[in-house]
Amino acid sequence: MKATHQPPTVEVSPADLLRMAALYLRRHGWTQGIYYATTDALTSPACAVGAIGMACAGKPLMHPVLLSSADEDIYRQSIAALVDYLDAFAPVFHIDEDGHLLDEHTSPYSWNDDPARTAEQVITALEKAADEWDRLHTQGGENR
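Source: prediction; values computed, not measured.

Peer 1: Residues and numbers for the overall build of the chain, please.
Peer 2: Counting its secondary structure elements, the chain contains five helices and two strands. Put simply, the chain runs from its N terminus to its C terminus through helices and strands in the order α-α-α-α-α-β-β. For the chain, the proportion of its 144 residues judged to be buried stands at 34%. Put simply, of all contacts in the chain between residues at least 6 apart along the chain, 51% involve residues at least 24 apart. Total accessible area computed for the chain in this model is approximately 9000 Å², and 53% of it derives from carbon and sulfur atoms.

Rendered as structure tokens:
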């Protein structure tokens, strides 16, 4: 390959990134209350959103503005796909003392950090959110 030759790029969908995040959690562990657990390892346990960041950036991602604009878009789309899935299949609503709905959408952060949440639930939600994104955005396995 010549120095000026650009290797082909592979377009990653939100579903791909969600599946990579689920795999990351299976391999490296899950945490609550923090994006990434503090360890000496190159790959530390992560929360659901932290795992999406790790899958997107290939390293701990502390803020999406550190990504290229294309990567930031796919990162945000992936989180939105997870939120859409949680809203439809695992909603968490916050009601004030007057009975008014405080949040329009399920927060992936609050959902991840629920003390009753398990790693397997988080991994499964990421995988099912990916399947749901594919169902809504692809036709016969091909992007529309």
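The rest of the description comes next.
Peer 1: Just give me the short version of the nonpolar core, but keep the residues and values in it.
Peer 2: Buried together is how nonpolar side chains tend to be arranged in soluble globular proteins. By size, the foremost hydrophobic cluster in this structure holds 34 residues, and its most contacted members are Leu18, Leu25, Ile52, Tyr75, Leu82 and Leu126. At the level of secondary structure, the elements contributing two or more residues to this core comprise α1 (14-28), α2 (48-57), α3 (69-89) and α5 (119-137). The element that contributes the greatest number of residues to this core is α3, accounting for eight residues.

Peer 1: Tell me about the pattern of salt bridges, and please be specific about residues and values.
Peer 2: For the structure on display, the rule yields seven salt bridges. Aspartate 131 is the partner of arginine 19 in a salt bridge, and the nearest nitrogen-oxygen pair spans 2.8 Å. Placement of the pair is arginine 19 in helix α1 and aspartate 131 in helix α5, with a sequence separation of 112 residues. The class for arginine 19 is partly exposed, based on a relative accessible area of 30%. By relative accessible area, which is 45% here, aspartate 131 ends up partly exposed. A salt bridge links aspartate 134 to arginine 19; its shortest N-O distance comes to 2.8 Å. Of this pair, aspartate 134 sits in helix α5 while arginine 19 sits in helix α1, placing them 115 residues apart in sequence. Each of Arg19, Asp131 and Asp134 takes part in one network of salt bridges that share partners.

Peer 1: Can you tell me about the side chain of asparagine 112, naming the residues and giving the values?
Peer 2: Structurally, asparagine 112 is set in helix α4 (residues 108-113). For asparagine 112, the contacting residues outside a window of four places in its chain are Trp30, Thr31, Gln32, Cys47, Ala48, Arg117 and Val122.

Peer 1: Explain the packing of α3 against α5 to me, and be specific about the residues and the numbers.
Peer 2: Contact geometry of α3 with α5 gives a least axis separation of 9 Å together with a crossing angle of 100 degrees. By the angle class used here, α3 and α5 are roughly perpendicular. Facing α3, whose interface residues are Ala81, Leu82, Tyr85, Leu86 and Phe89, α5 presents Ala125, Leu126, Lys128, Ala129, Glu132 and Trp133.

Peer 1: With reference to specific residues and values, describe the side chain of threonine 31.
Peer 2: With respect to the helices, strands and loops of the structure, threonine 31 is situated in the loop between α1 and α2. For threonine 31, the contacting residues outside a window of four places in its chain are Ala37, Pro45, Ala46, Cys47 and Asn112.

Peer 1: Could you give an account of the environment of tryptophan 111, with specific residues and numbers?
Peer 2: By the element assignment, tryptophan 111 lies in helix α4. A residue is classified by how much of its surface remains accessible, and tryptophan 111, at 5% relative accessible area, is buried.

What counts and what doesn't
Residues numbered from 1 in each chain as written. Predicted model: local features only at pLDDT ≥ 70, side-chain atom pairs only at ≥ 80, totals over all residues. Heavy atoms only, no water. Helix = DSSP H or I, 4+ residues; strand = E, 2+ residues; numbered from the N terminus. Buried < 20%, exposed > 50% of the residue type's maximum accessible area, 1.4 Å probe, protein only. Contact = heavy atoms within 4.5 Å. Areas by Shrake-Rupley, 256 points an atom, 1.4 Å probe, with all protein chains shown as cover. Core = buried A, V, L, I, M, F, W, Y, C linked by side-chain atoms within 4.5 Å. Salt bridge = Lys/Arg side-chain N within 4 Å of Asp/Glu carboxyl O. Axes fitted to C-alpha atoms, helices over the stretch in contact; angles between N-to-C directions. Parallel < 35°, antiparallel > 145°, perpendicular 65-115°, else oblique.

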